Amino acid sequence: MIVVSKIDELKNQIYDWKKQGKTIGFCPTMGSLHQGHMDLVQTSKSKTDKTIVSIFINPTQFNDPKDFEKYPVNTENDLLLCEKNGADMVFLPDVKTMYPETKTPIQISIPKLQEHLCGRTRPGHFEGVLQIVTKLFHLTEPSKAFFGLKDYQQFRVISAMVENLNFPLEVVGVPTRRETDGLAMSSRNVRLSPKERETASLIPRMFALAKKTILSGEKDIKLWKEILRDFLLTGSSLRIDYLEVVDPIDLQPKDKLEGQVLLAVAVFVGEVRLIDNQTIEIPS
Ligand code: AMP
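Note that the coordinates shown come from a computational prediction; the quantities given were computed from them, not determined experimentally.

Colleague: Describe the domain arrangement of the protein, listing the residues and the values that go with them.
Modeller: Each assigned domain of the protein is listed here: domain 1 (2-174) and domain 2 (187-276). Both sides of the domain 1 and domain 2 interface together cover about 1900 Å² of buried area, and 53% of this is carbon and sulfur. By the criterion of area lost to domain 2, the three top residues of domain 1 are His116, Leu117 and Tyr152, representing 28% of everything that side buries. Viewed at the interface, domain 2 and domain 1 are joined by four salt bridges. A salt bridge links arginine 188 to aspartate 67; the nearest nitrogen and oxygen atoms lie 2.8 Å apart. Counting residues per element, the ones that place at least two in the side of domain 1 that touches domain 2 are α3 (65-69), α6 (111-114), α7 (118-121) and α9 (152-164). For the side of domain 1 that touches domain 2, the residue count by class is seven nonpolar, seven polar and 10 charged.

Take a look at the structure:
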């Protein structure tokens, strides 16, 4: 496995691979890797010739400086995992490499897709994501790029950018990898105390309840959300950042329970912000 931190080294290797006619799969990450990230790597390996993983904690996507400072770093283990899973190259740039001084900062956004969910409660987040992802796409020249559906809004926003701006690549969504109790794997989970980890298991249990109430005929969206909110909040110290029901394509709030809906939540457990979502088919 090749590990590079400079743009020239990255581009030279990509030039060689392209000359040999190899296709490139790209998995952008912020490190502290777990099996969820490795699912992206495995999917990329099954669909492309060479897999590149980037590890870069992107400062421009953190609206909360404390969250940025506390973001876990575990590079040694990350490289071991990437190697074990057969990644061909890891790109590990530093902040200066990705953001040399510039007097004319650029901003990309897709307002409609960013109006709700994390776009509403984390102002500037998706502008930062689209900025770094665009730069990394141009540097790695992938034919396919892999993103987790855990970050569903991110997946939609990036897919829409690629489509609207004619980026020459395909965005592939990878299902959420979960712990045995159903909690979505996240780099942030290591920051949970044992008590907080227990509280976090309310999230998958809330999704189970959501499906159960739909199957037993719940049709009132307001009532449904109230039941789910109550379930999360009763007797727990968890704080809800948002709990929303939106259309899975345009991410606009649904006012009726019909067709496919995306139930998405963001909660704070202690200081740790966790997100998760499920697409649910409402029986007619
Ligand atoms: P991050 O390092 O958190 O920025 O995530 C990097 C990529 O891995 C993103 O595309 C995430 O959606 C994806 N990812 C993170 N956690 C999971 C998970 N539990 N299952 C699948 N993909 C994930």
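Colleague: Mind laying out the pairing of strand β3 (residues 50-55), listing which residues take part and the relevant values?
Modeller: Burial analysis of β3 places six of its six residues in the buried class, the great majority of the element. Of the two faces of β3, both are covered, the one formed by Lys50, Ile52 and Ser54 as well as the one formed by Thr51, Val53 and Ile55. Sheet topology note: the strand β2 (residues 24-29)/β3 ladder contains six bridges and is parallel. Within the sheet, the bridge partner assigned to cysteine 27 lies in β3 and is valine 53. This β-α-β element, β2 to helix α2 (residues 35-47) to β3, shows right-handed connectivity.

Colleague: Provide a residue-level description of helix α12 (residues 221-233), including the pertinent values.
Modeller: With 13 residues, α12 extends 18 Å between its outermost C-alpha atoms, agreeing within 8% with the 18 Å of an ideal straight helix rising 1.5 Å per residue. Along α12, the positions that sit buried rather than exposed are Ile221, Trp224, Leu228 and Leu232. Projected down its long axis, α12 shows its buried positions confined to an angular sector of 70°, all on one face. The opening residue of α12, the one whose side-chain oxygen lies 2.9 Å from the backbone nitrogen of lysine 222, is aspartate 220. Glycine 235 occupies a position one or two residues after α12 and carries a positive phi of about 70°.

Colleague: For the packing of aromatic side chains, give the residues involved together with the corresponding values.
Modeller: To describe a pair of aromatic rings, one takes the distance between the centres and the angle between the planes. The final tally for this structure, using the stated rule, is seven aromatic pairs. On the numbers, 5.2 Å between centres and 55° between planes, the contact of phenylalanine 62 with phenylalanine 68 is tilted. Residue classification places phenylalanine 62 among the buried positions, given a relative accessible area of 11%. The class of phenylalanine 68 is partly exposed, set by a relative accessible area of 30%.

About the cut-offs
Residue numbering note: each chain is counted from 1, following its sequence as written. Reporting in this predicted model follows two pLDDT cut-offs: at least 70 for local features of residues, and 80 or more for side-chain atom pairs to be given and counted; totals over whole chains, interfaces and linings ignore these cut-offs and use all residues. Excluded from the side-chain calculations are hydrogens and water; all other atoms, namely the structure's heavy atoms, are used. For the purposes of this description, domain bounds are those given by an automatic or database domain assignment. Summed over both partners, buried area is the accessible surface (1.4 Å probe) that two parts give up on being assembled. Just to be clear on terms, a salt bridge is a Lys or Arg side-chain nitrogen sitting within 4 Å of an Asp or Glu carboxyl oxygen. Helix and strand definitions here come from DSSP, where helices need a minimum of 4 consecutive H or I residues and strands a minimum of 2 consecutive E residues; each element is numbered from the N-terminal end. When residues are sorted by character, Ala, Val, Leu, Ile, Met, Phe, Trp, Tyr, Cys and Pro go into the nonpolar class, Asp, Glu, Lys and Arg into the charged class, and all the rest, Gly among them, into the polar class. Buried, partly exposed and exposed residues are distinguished by accessible area as a fraction of the type maximum, computed with a 1.4 Å probe on protein chains only: under 20%, between the cut-offs, and over 50%, respectively. When DSSP finds at least two bridges between two strands, those strands are taken to pair. Throughout, right-handed denotes a crossover for which the path from the first strand over the helix to the second runs clockwise when the strands point away from the viewer. Take the number of residues in a helix, subtract one, and multiply by 1.5 Å to get its expected span. Working definition: the arc comes from the directions between the helix axis and the C-beta atoms, pointing outward to the latter. Polar contacts here mean pairs of N or O atoms no more than 3.5 Å apart (in protein, one a potential hydrogen donor and the other a potential acceptor; neighbouring residues in sequence count only if both atoms are side-chain atoms). Any Phe, Tyr or Trp ring, taking Trp's six-membered ring, that has another such ring centre within 6.5 Å forms a pair; planes under 30 degrees apart are called stacked, those over 60 apart edge-to-face, and the others tilted.

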